[in-house]
Amino acid sequence: MKRPAAALPAAAALCLLGGLLLAGCTDDGERRTPLPVVPTSSGEASALPLPSPSLPPVVISDGCQGLVTPAQVQQATGLSVQASAGDGAAAVAQYGQAVQSLGLDARARMCPFGNAGGDQVTIVALTFPDAAQSQKLWTTIKSLEAVGGVGEAALSDKSKTLLARRGKAIVAVYLVVAAAPEANHLSQLQSVANAALAKA
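Let me sum up the structure you'll find in this document.

Reading the values: the criteria
- Residues numbered from 1 in each chain as written.
- Predicted model: local features only at pLDDT ≥ 70, side-chain atom pairs only at ≥ 80, totals over all residues.
- Heavy atoms only, no water.
- Disulfide = S-S within 2.5 Å.
- Helix = DSSP H or I, 4+ residues; strand = E, 2+ residues; numbered from the N terminus.
- Buried < 20%, exposed > 50% of the residue type's maximum accessible area, 1.4 Å probe, protein only.
- Pairing = 2+ DSSP bridges.
- Expected span 1.5 Å × (residues − 1).
- Contact = heavy atoms within 4.5 Å.

1. With respect to the state of the cysteines
The term disulfide refers to a covalent linkage connecting the sulfur atoms of a pair of cysteines. Tallying each qualifying case throughout the model produces 1 disulfide. The disulfide partner of C64 is C111, and the gap between their sulfur atoms is 2.1 Å. On the sign convention where negative is left-handed, the bridge of C64 and C111, at about 85° about the S-S bond, is right-handed. Of this pair, C64 sits in the loop between α1 (7-21) and α2 (70-77) while C111 sits in strand β2 (residues 107-114); the two residues are 47 residues apart in sequence, bridging distant segments of the chain. Pair check on accessibility: C64 and C111 agree, each one buried.

2. Some remarks on unusual backbone geometry
Outside of glycine, negative phi angles account for most residues, and trans bonds account for most peptide bonds. Phi angles above zero are rare outside glycine, and Q65 is one such case at about 50°. Looking at Q65, the relative accessible area reads 36%, which means it is partly exposed.

3. Details of the sheet that holds strand β3 (residues 120-127)
Ordered in space as β1-β2-β3-β7-β6-β5-β4, the 7 strands form an open sheet in which the pairing is antiparallel. Each edge of the open sheet carries a strand with a single partner, namely β1 (82-83) and β4 (145-147). Two elements, β4 and strand β5 (residues 153-156), share 3 bridges in a ladder whose sense is antiparallel. By the bridge assignment, V147 is partnered in β5 with A154.

4. So, helix α5 (residues 186-197)
Side chains three or four residues apart in an α-helix point the same way, a direct result of the helix having 3.6 residues per turn. With 12 residues, α5 ought to run about 16 Å at 1.5 Å a step, and its terminal C-alpha atoms sit 16 Å apart, in line with that. Listing the buried residues of α5 in full gives L186, Q188, L189, Q190, V192, A193, A195, A196 and L197. Packing partners of the buried residues in α5 comprise α2, β3, β4, β5, β6 (161-166) and β7 (169-176).

So, in structure tokens, the structure goes:
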């Protein structure tokens, strides 16, 4: 079964900070109820029909909490995207728990956007009680190149990922432009991050 469009960027965004916050990023796939196995050795088939597999009910909750709007993301990226439905509150809770495991405290928000064409934008914001805590987390970030144009400090691969820090906030942006996923999208990443940092 194909995953919803929002699932990939949410997982990827979790992995953006996952190297910092989580022990590892894995994709366990969707939860499914296993089908019972019909015994073949008994020679007598059951007259009862097999139950169909079932998925848990879809939960729609807001993990973005007004951080950025679809209109802001569209203006920053030039992509026609909508807010993606999903259990945003549950995803945000994972960030909160991961931050606490490092002895830090932060308000987490996550905003996933996408469209049917495969364009995806996910923003994650962590707002700490003070700049010292955000700086402590920031110093653990590795493997991205320093860039300017956003916040007090920013790191990016210039294509899909940008992390930025300003004061007591850290924002992560994950972007997939379906028509040119490996192109240089630094200006779009910077614009989205700046919009998020304004309210983080």
